[in-house]
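An overview of the molecular structure
Now for the letters of each chain:
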Amino acid sequence: MGATFQGLDIAKSGMMAYNASMQTAAHNLANVGTKGYSRQVVKTAAQTRHVSSIKVEGSGVYVQGIVREHNDYYDVKYCKSNATYYKYNTHSYFLNDVQKVLYAKDEKQAGITTSFDEFCKRLTGTSTDAGSETRRKEIVSYAETFSGFVQETATNLKSLQEEANEKIKTTVEQINAIAEKIASLTKQINTLEAYRNPAHDLRDQRNVLIDQLSEYCNVEVKEKEPADGVGLNQYYVYVDGAILVDTQEVNKMQVTELDTTKSINDISGLYQVSWTDGTPFYPYSATLGGELQALFQVRDGNNATTLKG
């Protein structure tokens, strides 16, 4: 009878393992279109039993667990590439607008550069005909036109600076909102995994948020398991070396208006960014990356840090 029941136990273990594989496969198919979803795989192993302290092979199969087919290395590479892409994408957006302000769209439409060229041509012409009243009036007319373009250009450039300034504030708010979601998901993940329950789907959702965060700045993620195996995992998200998320706590960025301007040509009310825990924030850091770095570069320009005069 023992052999009969043993055969039934082996069959039962096979059916249970097959059922787990079918459910996991169905879950994978259902999430084919889910952004950031990682395929899940059932890991099985041969089951053994002991009879009178003797290990007996051939006792069926058991499910070791369900694992995510995920590679952290590619996550790091993607985030770095994503931050670089959005930095240059933001540069491109604003520089195209600057080009529209400084240059005419076509030869038929005048711009500040075209107006300046025409004014210089008329001014050069006075070397041969300085006494002509007609030429003098023509020069004055071109000078007025050029002056008008200068004023219009200055107004448009200030509008672009104001747009970049407001976008800095919006970007910081987005970073803080994503950080809050990451901290919330980390709490849910730790709660599930503390009771030995897998949290694969929640981990995928958290990775998607990290990818979104990399659009705005360079991010670095570290996860530490408890040294003695007891307790919760520590999950850290860094932005340019400063902690943004410490497991379930968020160190937010804050935006305040500057009382003074860095350049006489700047608009008033420029925003500065700082960390709530007092950690220094470096807006011109070469490693800040993402939209945030590009916005500071576009808004503040050179500000006499490289060019003097």
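Procedures and definitions
Residues numbered from 1 in each chain as written. Predicted model: local features only at pLDDT ≥ 70, side-chain atom pairs only at ≥ 80, totals over all residues. Heavy atoms only, no water. Helix = DSSP H or I, 4+ residues; strand = E, 2+ residues; numbered from the N terminus. Buried < 20%, exposed > 50% of the residue type's maximum accessible area, 1.4 Å probe, protein only. Contact = heavy atoms within 4.5 Å. Patch = residues over 30% accessible without salt bridge, like charges linked within 9 Å, V, L, I, M, F, W, Y side chains within 5 Å. Areas by Shrake-Rupley, 256 points an atom, 1.4 Å probe, with all protein chains shown as cover. Salt bridge = Lys/Arg side-chain N within 4 Å of Asp/Glu carboxyl O. Lys, Arg positive; Asp, Glu negative; His and termini not counted. Charge placed at Lys NZ, Arg CZ, Asp CG, Glu CD. Core = buried A, V, L, I, M, F, W, Y, C linked by side-chain atoms within 4.5 Å. Phe/Tyr/Trp six-rings, centres within 6.5 Å; stacked < 30°, edge-to-face > 60°. Lys NZ or Arg CZ within 6 Å of the ring centre and 35° of its normal. Axes fitted to C-alpha atoms, helices over the stretch in contact; angles between N-to-C directions. Parallel < 35°, antiparallel > 145°, perpendicular 65-115°, else oblique. Left-handed = near helix turned anticlockwise from the far one by under 90°. Nonpolar A, V, L, I, M, F, W, Y, C, P; charged D, E, K, R; others polar. 1 Å grid on protein atoms, 1.4 Å probe; cavity = no way out; pocket = protein on both sides within 12 Å on 5 of 7 lines; lining within 4 Å. Points joined across faces, edges and corners; volume = space filled by probe spheres on them. Pairing = 2+ DSSP bridges.

**Side note on the side chain of Asp204**
- Position of Asp204 among the secondary structure elements: in helix H5 (residues 200-213).
- Residue class for Asp204 comes out buried when judged on its relative accessible area of 3%.
- Excluding its chain neighbours within four sequence positions, the residues that come into contact with Asp204 are Gly36, Tyr37, Ser38 and Arg68.

**Some details on a negative patch on the surface**
- Among the surface-exposed residues, Glu162, Glu166, Glu257 and Asp259 lie close enough to one another that they form a single negatively charged patch.
- Counting through the fold element by element, Glu166 comes out in helix H4 (residues 133-194).

**Observations concerning the pattern of salt bridges**
- In the structure shown here, the tally under the stated rule is seven salt bridges.
- In this structure, Lys252 and Glu180 form a salt bridge, with 3.1 Å as the shortest nitrogen-oxygen distance. Of this pair, Lys252 sits in the loop between strand E8 (249-250) and strand E9 (253-257) while Glu180 sits in helix H4, and the two are 72 residues apart along the sequence.
- With a shortest N-O distance of 2.8 Å, Arg203 and Glu223 are connected by a salt bridge. Here Arg203, found in helix H5, pairs with Glu223, found in strand E5 (residues 219-224); they are 20 residues apart in sequence, far enough to count as distant.
- Using a relative accessible area of 14% as the deciding quantity, one classes Arg203 as buried.
- Each of the salt bridges in this network shares a partner with another, and the network as a whole consists of Glu193, Arg203, Arg206 and Glu223.

**A few points about the environment of Leu185**
- Relative to the elements of secondary structure, Leu185 occurs in helix H4.
- Residue classification places Leu185 among the buried residues on the basis of a relative accessible area of 10%.
- In the structure, Leu185 is positioned 62 residues away from Thr247 in sequence and 9.5 Å away in space, judged by C-alpha atoms.

**Section: the nonpolar core**
- Among the nonpolar cores identified, the biggest contains 36 residues, and Ile182, Leu244, Met253 and Leu292 are the most heavily contacted of them.
- Element by element, the count of residues in this core is highest for H4, at eleven residues.
- Beyond its immediate chain neighbours, meaning those up to four positions away, Ile182 contacts Arg206, Leu209, Ile210, Leu213, Tyr235, Val237 and Val245.

**A look at the packing of aromatic side chains**
- Under the counting rule described, the total for this entry stands at nine aromatic pairs.
- On the basis of an interplanar angle of 50 degrees and a centroid distance of 6.3 Å, the ring pair of Phe281 and Phe296 is categorised as tilted. With Phe281 in the loop between strand E10 (271-275) and helix H6 (290-300) and Phe296 in helix H6, the pair connects residues that are 15 residues apart, well separated along the chain. Take Phe281 and Phe296: they sit in the same class, and that class is buried.
- Taking relative accessible area as the criterion, Phe296 reaches 2% and is therefore assigned buried.
- Taking NZ or CZ as reference, Arg206 lies 3.6 Å from the ring centre of Tyr235, over its face.

**Brief notes about the packing of H4 against H6**
- For the pair H4 and H6, the least separation of the axes is 9 Å and the interaxial angle reads 155 degrees. Comparing their axes, H6 and H4 come out roughly antiparallel. The two elements H4 and H6 cross, and the hand of that crossing is left-handed. Between H4 and H6, the contacting residues are Gln161, Ala164, Asn165, Lys167, Ile168, Thr171, Val172 and Ile175 on the first element and Glu291, Leu292, Leu295, Phe296, Val298 and Arg299 on the second.
- When grouped by side-chain class, the residues that make up the contact of H4 with H6 number eight nonpolar, three polar and three charged.

**A closer look at the packing of helix H2 (residues 72-102) against H6**
- Where H2 meets H6, the axes come as close as 7 Å, and the angle between the chain directions of the two elements is 35 degrees. Of the two elements, H2 crosses H6, and the hand of that crossing is right-handed. Listed contacts from H6 to Ala83, Tyr86, Lys87, Thr90, His91 and Phe94 of H2 are Gly290, Glu291, Gln293, Ala294, Leu295, Gln297 and Val298.
- Per-class residue counts for the contact of H2 with H6 are six nonpolar, five polar and two charged.

**Section: the layout of surface pockets**
- Estimated volume of the largest pocket: approximately 530 Å³.
- Lining the largest pocket are 23 residues, and of these Asp75, Val76, Glu220, Val221 and Lys222 lie nearest its centre.
- Of all the elements in the fold, those that place two or more residues in the lining of the largest pocket are H2, H5, E5 and strand E6 (234-239).
- Residues belonging to the lining of the largest pocket are distributed by class as follows: seven nonpolar, five polar and eleven charged.

**Re the sheet that holds E5**
- Within the open sheet, the four strands sit side by side as E5-E6-E7-E8. Their pairing is antiparallel. The open sheet is flanked by E5 and E8, the only strands paired with a single partner.
- Pairing between E5 and E6: six bridges, direction antiparallel. Looking at E6, one finds that Lys222 is bridged to Tyr236.
- Against the sheet, H4 makes contact with E6, strand E7 (242-246) and E8, and its axis sits at roughly 45 degrees relative to E7, the strand it touches most.
- Contacting E5, E6 and E7, H5 runs over the sheet at an angle of about 150 degrees to E5.

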